[in-house]
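Single-letter residue listing:
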Amino acid sequence: MSLNLIELNHAIQSHGRVVRIVVAQQAGSTPREVGASMLVWSDGQSGTIGGGALEHDAVQTARDQIVRQKSRHFMQRALGPDLGQCCGGNVNLLFELFNTTPIAEPKSGLFARPVSKNTGKMPTLVKHYIDQANRHPHKIYPALIDNWMIEPITVTQNIIWIWGAGHVGRAVVHAFAAMPDIELTWVDTTASRFPDEFPHNVTIVPQSRPAELCPHIPPDVHHYILTYSHSMDLKICDGLLKRGFRYAGLIGSGTKWARFHKRLSEMGHSSDQVNRIECPIGEPRLGKDPAHIAIGVVHEFLRRSKMVSPSVQ
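The following refers to the structure shown. Since the structure is predicted, the reported quantities are computational estimates derived from the model, not experimental observations. (Residues numbered from 1 in each chain as written. Predicted model: local features only at pLDDT ≥ 70, side-chain atom pairs only at ≥ 80, totals over all residues. Heavy atoms only, no water.)

**Some remarks on helix α2 (residues 53–68)**
The condition is simple: Secondary structure follows DSSP: runs of H or I at least 4 residues long count as helices, runs of E at least 2 residues long count as strands, and numbering of each begins at the N terminus. For a helix, the expected span equals 1.5 Å multiplied by the residue count minus one. Think of it in three bands: with a 1.4 Å probe and only protein chains considered, a residue is buried below 20% of the maximum accessible area for its type, exposed above 50%, and partly exposed in between. Throughout, the arc means that of the directions going from the helix axis to the C-beta atoms.
Under the 1.5 Å per step criterion, the end-to-end length of α2 is 23 Å for 16 residues, consistent within 8% with the ideal 22 Å. Those residues of α2 lying buried are Leu54, Glu55, Ala58, Val59, Thr61, Ala62, Gln65 and Ile66. Seen along its axis, α2 keeps its buried residues to an arc of 165 degrees; they face one direction. Exposed and oriented more than 90 degrees from the buried face of α2 are His56 and Val67.

**Things to note about the state of the cysteines**
Here is the rule we go by: Cysteine sulfur atoms are paired as a disulfide whenever they fall within 2.5 Å.
According to the stated counting rule, one finds 0 disulfides in the structure shown. Left unpaired, Cys214 is separated from the closest cysteine sulfur, that of Cys237, by 8.9 Å. Looking at Cys214, the relative accessible area reads 0%, which means it is buried. Left unpaired, Cys237 is separated from the closest cysteine sulfur, that of Cys279, by 8.1 Å. Looking at Cys237, the relative accessible area reads 1%, which means it is buried.

**Considering the pairing of strand β8 (residues 148–152)**
Rules: Strands pair, by our definition, only if DSSP identifies at least two bridges between them.
Most of β8 is tucked away: 5 of the 5 residues are buried. By the alternation rule, side chains of β8 split into Trp148, Ile150 and Pro152 and Met149 and Glu151, which are all buried. In terms of strand pairing, strand β6 (residues 110–114) meets β8 through 5 bridges, oriented antiparallel. Note that in β8 the partner of Phe111 across the bridge is Glu151. Relative to β8, strand β7 (residues 143–145) is paired through 3 bridges, and the arrangement is antiparallel. Bridge assignment links Ala143 to a residue of β8, and that residue is Ile150. Connecting β7 to the next strand, β8, in antiparallel fashion are 2 residues, including Asp146 with a positive phi near 50 degrees.

**Points about the sheet that holds strand β11 (residues 202–206)**
Under the convention used in this document: Should any heavy atoms of two residues lie within 4.5 Å, those residues are counted as being in contact. Where helices are involved, their axes are fitted lines through C-alpha atoms of the stretch in contact, as for all axes, and angles between N-to-C directions lie from 0 to 180°.
Overall, parallel pairing links the 6 strands, which are arranged β11-β10-β9-β12-β13-β14 in an open sheet. Edge strands, defined here as strands with exactly one partner in the open sheet, are β11 and β14 (277–278). Contacting β9 (158–163), β12 (222–225), β13 (247–250) and β14, helix α6 (residues 230–243) runs over the sheet at an angle of about 160 degrees to β12.

Set out below in C-alpha cells:
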C-alpha cells in the first residue's frame with residue numbers, strides 16, 4: 001500500500017478540504033491492512049478502508065473533522081465490542097485534513113510526518129527506516145513508528161494503452177482506472193468518440209491515424225487493441241511489432257486472428273514475433289458483453305502481473 005499523491009491532489013483541487021483516512025495499525029482479523037486508505041470530502045468519498053460499520057463510522061468522523069477543521073487525529077476501534085463486527089480485531093485509523101494546497105512529492109519517495117503534537121525531532125528509528133527505504137525502495141511498507149506515519153509514494157508500475165473508445169474500450173478503461181499503480185492512455189480517431197466524462201487518471205489522445213503513434217511509445221507498455229476497424233487494428237499490430245511492447249492483446253475471434261497472423265507474416269514479421277500478440281483477449285468463456293470482456297481482461301492482466309494467487313486463477 002502507498003500514498004497516491006496524484007489522486008490526493010486531484011481530490012483537493014476538485015473538492016477543497018479533504019480528509020485522508022489511513023489504517024495506521026491493526027491487530028488480529030481486520031478488513032484491510034496497514035496503509036489501506038480512503039479520501040473523504042463534504043459530499044463524497046473514494047477508496048475504502050473496508051469493514052462496513054467501521055468505514056461508515058470513519059466517514060462520519062471525517063466529515064465532522066472537515067467542519068471543525070481539525071488537522072489530525074486517531075480513532076481506535078475494537079471491531080467486535082465497538083462495532084459488532086465479526087472480524088474481532090483492532091484497528092487504529094489516522095485522519096489527516098488537507099486543505100486547498102497541493103502536496104509536493106517528497107524527494108525521499110516517502111511521505112514521513114509526525115502525527116502527534118508532542119513529537120520533536122525525527123526519532124532515530126524513523127531515520128533508520130527512511131535510510132533503509134532509500135537503499136531498498138521496494139521493501140518498504142507503511143508503518144507508524146514513534147508517532148511518525150511513514151508511507152511510500154505510489155509509483156506507476158504499469159503503463160496501459162487502450163486503442164478504441166467503443167463499448168468494449170469504455171468498459172476496459174473504467175475497469176483499469178479503478179486500480180492503483182496504473183497509468184492509462186486512451187486512443188481513438190476523433191475527440192467525439194470519447195465520452196464527455198472519463199476517469200481523471202486517463203489521458204485522452206485523439207489521433208486520426210492511430211498507428212502513427214506507435215514509433216513514439218515506450219516499449220515497456222501493455223496494449224489492448226479494440227478499435228472499430230480491422231484495417232486499423234492490423235496497422236496498430238504492425239506498428240507495435242516494429243516498436244516492441246510488454247504485452248499486446250487484440251480483440252477478435254480465432255478466424256480474425258488466423259487472418260491477422262497470415263497478414264502480419266506477409267508484412268515481414270516472424271511467426272514468433274506475431275505470436276507475442278494475444279488474440280482473443282480476456283476470458284472468452286465469460287461471454288461477449290463489454291463488461292464480461294473487461295472483467296476477463298483485468299483478471300488476465302492481474303494473473304500475468306502475479307497480482308492474484310494461483311488459487312483464484
